[in-house]
Amino acid sequence: MGPVDHRAGLAWGESRVETSASGVTRPDARQSAPATRLIHRVREARLAGDRTPVAPRAEIGASWDRLLRSGMDPDQSTMSELLGVDEIEHRRRSSTLGEVMPLLNDGLVALADAAQQIMVVTDVECRVLWRRGNAAVLRRADDVCLAEGAAWAEESTGTNAIGTALVSRVPVQVHSSEHFVRTLHNWTCAAAPIRDPRDGKVMGIVDMSGPASTFHPTTLALVSSVARLAESEIRNRHLQAIDRLRSVAAPLVCRVGGRALAVDTHGWLAAVTGMPPIDRLPLPKSLAPGRVWLPSLGMCRVEPLPGGWLLQVADGPSDGAPQRVVLDLSRPRGLTVNVVGSVSTWTQRLSPRHAELLYTLALHREGRTASELAEDIFGDATRTVTVRAEISRMRRHLAQVLAHRPYRFAEDVEVEVIHPDDLADLLPHSTAPVVVRARTAGHDRS
């Protein structure tokens with residue numbers, strides 16, 4: 001792609017990018033016919049690898065690049081194998097989104113109908129679970145497989161508001177030729193992720209779609225606002241559930257000797273005794289009654305409560321203490337630490353920074369001071385405040401295996417590091433001196 005002609009950008013000025021205070025990106029107000037034709041020219045040039053008259057919007061260009069790298073055919077169909085009725089119903093019942101569908105219906109369906117559009121709600125896999133709105137548009141949507149049970153992830157249907165919003169994790173509007181697959185050039189769509197306020201994870205996407213002629217710049221702001229309302233409703237329901245759990249758990253916790261706490265199924269605290277309160281306790285994906293070792297607490301006795309768990313912390317030495325730590329750095333997008341005890345195991349995903357720190361501590365079992373770690377990670381021994389903050393965050397989950405003064409793995413814990421097949425591929429995006437040295441050594445040995 002050649003240099004951008006900013007003078008030509010004036011022709012797309014009628015559709016230049018606006019960015020709201022919340023980070024929402026959208027085309028400008030009036031998508032005129034010349035502006036729509038310009039979008040088409042930009043897309044055709046990008047797909048051909050030619051110089052583009054203007055740059056596409058950042059999230060659209062990034063999506064096109066992903067799909068070009070994947071080899072997707074822009075002339076392919078958007079048809080996908082639909083989920084069965086039973087599977088759709090199972091996903092609806094299993095999703096918290098079902099609880100807020102009345103709010104989504106009230107907030108968008110009538111407006112979508114009047115605007116000759118439809119509302120679509122998908123799960124986190126971009127499978128359509130619900131759709132409502134204008135009857136004529138619903139029939140047209142069937143022609144592009146925008147139907148219940150259909151797949152609308154980017155890898156299935158190219159650049160589209162639903163799939164691209166999931167990848168970018170922000171609200172996105174996609175209009176006409178901004179769609180990668182040519183079949184969708186007569187459509188416009190705006191979508192926003194809905195996050196679960198209990199754990200911050202995206203649980204689904206809400207979208208408004210319709211013929212390209214129904215484009216309006218306020219649609220994205222509307223969809224984003226309704227998504228935030230849905231999150232607020234889920235948050236309120238969660239707080240009510242915590243209050244109900246507290247009413248049951250508080251008397252029980254008060255009668256328990258030693259350290260104990262009651263949490264909901266997501267780990268949020270309802271009651272505590274004998275220890276400082278916390279906001280949320282990291283729980284393993286599968287938790288069952290009995291003796292369970294938790295990295296932040298040690299060995300615990302777990303009992304079920306209505307809507308949560310009662311955890312009694314064992315005092316004194318525990319035969320379930322961690323014995324082994326496996327630091328898996330073999331896949332850049334799957335960095336994990338696995339803590340193995342005699343009773344249970346526990347896995348924690350790692351950010352690149354935390355992976356760098358744990359890798360450094362694995363190299364230096366004798367321990368590192370904050371200034372030494374700052375030199376290892378940043379090449380700057382003065383950045384001790386950042387190091388201490390990051391170690392503190394890790395110790396919330398790994399307190400039983402990380403010691404301090406100096407920072408190190410506990411002496412009685414075996415530590416294993418799983419490297420990539422080629423050490424030169426170790427944490428490929430890291431600029432930490434300790435990692436760069438390891439990669440260089442791996443390259444020199446190859």
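Rules and cut-offs
- Residues numbered from 1 in each chain as written.
- Predicted model: local features only at pLDDT ≥ 70, side-chain atom pairs only at ≥ 80, totals over all residues.
- Heavy atoms only, no water.
- Phe/Tyr/Trp six-rings, centres within 6.5 Å; stacked < 30°, edge-to-face > 60°.
- Lys NZ or Arg CZ within 6 Å of the ring centre and 35° of its normal.
- Helix = DSSP H or I, 4+ residues; strand = E, 2+ residues; numbered from the N terminus.
- Contact = heavy atoms within 4.5 Å.
- Axes fitted to C-alpha atoms, helices over the stretch in contact; angles between N-to-C directions.
- Parallel < 35°, antiparallel > 145°, perpendicular 65-115°, else oblique.
- Nonpolar A, V, L, I, M, F, W, Y, C, P; charged D, E, K, R; others polar.
- pLDDT = per-residue confidence, 0-100.
- 1 Å grid on protein atoms, 1.4 Å probe; cavity = no way out; pocket = protein on both sides within 12 Å on 5 of 7 lines; lining within 4 Å.
- Points joined across faces, edges and corners; volume = space filled by probe spheres on them.
- Pairing = 2+ DSSP bridges.
- Buried < 20%, exposed > 50% of the residue type's maximum accessible area, 1.4 Å probe, protein only.

Q: What exactly am I supposed to notice about the packing of aromatic side chains here?
A: Aromatic rings in a pair are described by how distant their centres are and how their planes are angled relative to each other. Evaluation of the coordinates by the stated rule reveals 0 aromatic pairs. Taking NZ or CZ as reference, Arg 140 lies 6.0 Å from the ring centre of Trp 187, over its face. When the ring centre of Phe 378 is taken as reference, the NZ or CZ atom of Arg 383 above it lies at 3.8 Å.

Q: Looking at this model, I keep getting lost on the environment of Ala 230. Mind explaining?
A: For Ala 230, the location among the structural elements is in helix α8 (residues 218-255). For Ala 230, the contacting residues outside a window of four places in its chain are Val 100, Leu 103, Leu 104 and Ile 194.

Q: Quick question: what am I supposed to make of the packing of helix α10 (residues 370-378) against helix α11 (residues 384-398) here?
A: In a packed pair of helices, the relevant descriptors are the angle between the two axes and the axis-to-axis distance. Viewed as axis vectors pointing N to C, α10 and α11 meet at an angle of 95°, and their least axial separation amounts to 8 Å. Of the possible angle classes, the one that applies to α10 and α11 is roughly perpendicular. Seen from α10, the contacting residues are Ala 370, Ser 371, Leu 373, Ala 374 and Phe 378; seen from α11, they are Thr 384, Thr 386, Val 387, Arg 388 and Ile 391. Within the contact of α10 with α11, the residues separate by chemical class into 6 nonpolar, 3 polar and 1 charged.

Q: I'm lost on the confidence of the model for the chain in this one. Help?
A: Close inspection of predicted coordinates is inappropriate in any region flagged by low pLDDT. Scored by pLDDT, the chain has a mean of 87; 89% of the residues are at 70 or more. In this model residues 1-30 is a low-confidence stretch, pLDDT under 50, and it forms 71 contacts with partners more than four residues away in sequence or in other chains.

Q: Honestly, empty space enclosed by the protein in this entry has me stumped. Any pointers?
A: Any space left empty among the atoms is revealed by the rolling of a water-sized probe across them. Using the criterion set out here, one finds 1 cavity of 30 Å³ or more in the structure. Of the volumes computed, that of the largest cavity is approximately 80 Å³. Forming the boundary of the largest cavity are Val 144, Leu 146, Trp 152, Asn 160, Ala 161, Ile 162, His 179, Leu 184, Trp 187, Cys 189, Asp 207 and Ser 209. For the lining of the largest cavity, a count of residues per class yields 8 nonpolar, 3 polar and 1 charged.

Q: Help me out: how do you make sense of the sheet that holds strand β4 (residues 128-133) in this one?
A: Whenever strands of a sheet pair, they do so through backbone hydrogen bonds, lying parallel or antiparallel. The strand order β4-β3-β7-β6-β5 describes an open sheet built from 5 strands, whose pairing is antiparallel. Here the strands that pair on one side only, and so sit at the sheet edges, are β4 and β5 (172-175). Within this sheet the neighbouring strands show an average axis-to-axis angle of 15°, counted without direction. Bridge count between strand β3 (residues 118-123) and β4: 5 bridges; the pairing is antiparallel. In the sheet register, Thr 122 faces β4, and the bridge partner there is Val 128. The sheet strands contacting helix α5 (residues 135-143) are β3, β4, β6 (187-195) and β7 (202-211), and the helix crosses β4 at an angle near 145°.

Q: Mind showing me how you'd approach the pairing of β3 here?
A: On a regular strand, each side chain points to the face opposite its neighbour's, so the side chains alternate between the two faces of the sheet. Most of β3 is tucked away, with 6 of its 6 residues classed as buried. Burial of β3 is two-sided: the residues Ile 118, Val 120 and Thr 122 facing one way and the residues Met 119, Val 121 and Asp 123 facing the other way are all buried. Here β3 hands over to β4 after 4 residues, with Cys 126 in that stretch at a positive phi of 65°. With 6 bridges connecting them, β3 and β7 associate as antiparallel partners. When the bridges of β7 are listed, Val 120 appears paired with Asp 207.

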